[in-house]
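What the coordinates show
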Amino acid sequence: KSRNPGQKEFFESVREVAEDVVDIIDENPEYHRQQILRRMSEPDRVISFRICWENDDGDICIQRGYRVQNNNAIGPYKGGLRFHPSVNESVLKFLAFEQTFKNSLTGLPMGGAKGGADFNPKGRSEREIMRFCQSFMTELYRHVGADRDVPAGDIGVGPREIGFMFGQYKRITNQFTGVLTGKGLEYGGSLIRPEATGYGAVYFLRSMLETQDRDLEGMTAVISGAGNVATHAAEKITELGAKVIAMSDSKGFIHDPDGIDSEKLDWIKQHKGRRGGEISDYVDQFSGATFHKGEKPWGLECDIAMPCATQNELSGEDARKLLDNGCIAVSEGANMPTERDGVQAFKQAKILYAPGKAANAGGVAVSGLEMSQNSERRSWDEDQVQGLLVDIMKDIHQRCRDNGMNGDTGYCDYVKGANIAGFRKVADAMLAYGVV
Ligand code: NDP
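If you're wondering where the values come from, they're calculated on a predicted model, not measured in any experiment.

What follows concerns the site of the ligand. For the ligand, the set of nearby residues contains 24 residues, the closest of which are G227, D249, S250, A309 and G363. With three residues, helix α8 (residues 228–239) is the single largest residue contributor to the shell around the ligand. Along the lines of polarity and charge, the residues of the shell around the ligand split into seven nonpolar, twelve polar and five charged. Residue contributions to the shell around the ligand reach at least three from each of two domains, namely domain 1 (43–177) and domain 2 (194–359).

Here it is in structure tokens:
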């Protein structure tokens, strides 16, 4: 804590991993002697830089940009860029640390990184966003590269922003390489990338349910968020037979007891997408639904909960409400959405609980597949990418079970399983390199 003053999010994420891997460090004295965990929790480098850009009124605006390159033991640094006013060093260090384990879990050769800026894209014109993205990349370009560090999107960074940044990178370096993922299909993007995180979180959920001979048919689901991850999770879970009764945004949640079917979901995607609308408008469009201002949807009766908005959005109290209301499974689309006491509550209740680093790894996995396609200078068809995503999510689920089963009680601690499986691969690569 004293090495990272004020970095609450980062400290929490390291603590969680440390608690889970302490046993295997004890079992393997080399991990201990070589200080592997301490080395992993000190990022390789934290780059911070100024971004100046001009708004539509001609005023000069100044933002702070970052790239945290946490660990590249098993492959080039890889992780998203976030544009949101809440971005700071602690949040990005936590995300880059988590990303290291998540990327390792996918089985693909990718290290961990995260970046972004404290820029709020909300209410900005397209031209302002373009100028900001160009200015951001004018500094970032010197730290990234197809074999060095490959950023992607995250909150506030979608295909449009990736396009602006890729264009600027290409212009500065005069090179067309796979330096970013989440690109448009016309210039090296992969099919299924936009869908991958949300779909993947549902595939992971399905695998967990299968261990109890259950499926999603007839289940009721509550999903937070209305962005990329949340809408695609809702799409897939509906396709597999569940009914989504609530979704949310930063202003509150909507409750639709009739279910948010594909037509309603298309409306949400359009309205929240480029139009930048609010979820509260849903109730004017579809009768029977209610809007709950400033509230989260965790008080509703449901079988499944999928937090897909942001970190720390599900507290211990929320977790207890979900449990009291009969929730049997939680699959996290967002990164660390459940606070520590919420995680403890789920574990104590022994429900199926998938942490984001395992459940939402489908997005970065397909980004890894995008990197492979770029290296080959080919595009794979939809069935091929979709098939690989399904297989990768099954493999991640299996790795978590292999490392998370609690004796012969039949209970799987997926958090522990994910931490141990992700840690081992990176740790063994680091041992091979000696002290560097
Ligand atoms: P988007 O920007 O597309 O959507 C984020 C959603 O969360 C919006 O509905 C937003 O509401 C809501 N939200 C943001 N902040 C808050 C808050 N403080 N309280 C309540 N709601 C909030 O982001 P993504 O869907 O891409 O990402 C969501 C989560 O998933 C993040 O944790 C991200 O790190 C994680 N993730 C994303 C991946 C991806 O492939 N996109 C990959 C792996 C993880 P509003 O519109 O009102 O701001």
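Okay, the UniProt feature "active site" (unreviewed entry) in the protein chain next. UniProt marks K114 with the feature "active site" (unreviewed entry), using the numbering shown here. Secondary-structure assignment places K114 in strand β4 (residues 112–117). For K114, a count of 31 C-beta atoms within 10 Å translates into the label buried. Excluding residues that lie within four positions of it along the chain, K114 makes contacts with V68, G79, G80, L92, L95, A96 and Q99.

Right, let's talk about the sheet that holds strand β10 (residues 304–307) for a bit. The sheet built from seven strands is open, its strands ordered β9-β8-β7-β6-β10-β11-β12 with mixed pairing. The sheet is open, and its two borders are formed by β9 (290–293) and β12 (352–354), each paired with just one other strand. Shown here is a sheet whose adjacent strand axes are inclined to one another by a mean of 15°, direction ignored. Taken together, the four bridges between strand β8 (residues 252–255) and β9 define a ladder with antiparallel strand orientation. Across the sheet, residue I254 finds its bridge partner in β9, namely F291. Across the face of the sheet, helix α7 (residues 193–210) comes into contact with β10, β11 (329–331) and β12 while running at roughly 150° to β11.

Moving on, we come to helix α15 (residues 382–404). The end-to-end C-alpha distance of α15, which contains 23 residues, comes to 33 Å, matching closely the 33 Å that a straight helix rising 1.5 Å per residue would cover. Where α15 is concerned, the buried positions are V385, L389, I392, M393, I396, H397, R399, C400, N403 and G404. Where the residues of α15 are buried, they touch α4 (89–105), α7, α13 (356–359), α14 (361–376) and α16 (414–433).

On the basis of which strands lie adjacent, the open sheet formed by five strands has the order β1-β2-β4-β3-β5 and mixed pairing. Lying at the two open borders of the sheet, with one neighbouring strand each, are β1 (45–54) and β5 (149–152). The mean angle between the axes of side-by-side strands here comes to 20°, regardless of whether they run parallel or antiparallel. Contacts between helix α5 (residues 126–140) and the sheet are confined to β1, β2 (60–71) and β4, with β1 contributing the most and set at about 140° to the helix.

Turning to the confidence of the model for the protein chain, a few remarks are in order. Scored by pLDDT, the protein chain has a mean of 96; 100% of the residues are at 70 or more. What the predictor reports for the complex is a pTM of 0.94 with an ipTM of 0.98.

Moving on to the nonpolar core. Across soluble globular proteins, you tend to see nonpolar side chains buried next to one another. Ranked by size, the top nonpolar core spans 123 residues in total, and within it F204, A221, I223, A233, M247, I304 and A358 carry the most contacts. Inspection of this core shows a minimum of three residues originating in each of domain 1 (43–177) and domain 2 (194–359).

What counts, and where the lines are drawn
- Residues numbered from 1 in each chain as written.
- Predicted model: local features only at pLDDT ≥ 70, side-chain atom pairs only at ≥ 80, totals over all residues.
- Near = placed C-beta within 6 Å.
- Helix = DSSP H or I, 4+ residues; strand = E, 2+ residues; numbered from the N terminus.
- Nonpolar A, V, L, I, M, F, W, Y, C, P; charged D, E, K, R; others polar.
- Domains from an automatic or database assignment.
- UniProt positions renumbered as here; feature names shortened; annotations may be inferred.
- Buried ≥ 20, exposed ≤ 12 C-beta atoms within 10 Å, placed from the backbone.
- Contact = placed C-beta atoms within 7 Å.
- Pairing = 2+ DSSP bridges.
- Axes fitted to C-alpha atoms, helices over the stretch in contact; angles between N-to-C directions.
- Expected span 1.5 Å × (residues − 1).
- pLDDT = per-residue confidence, 0-100.
- Core = buried A, V, L, I, M, F, W, Y, C linked by C-beta atoms within 7 Å.

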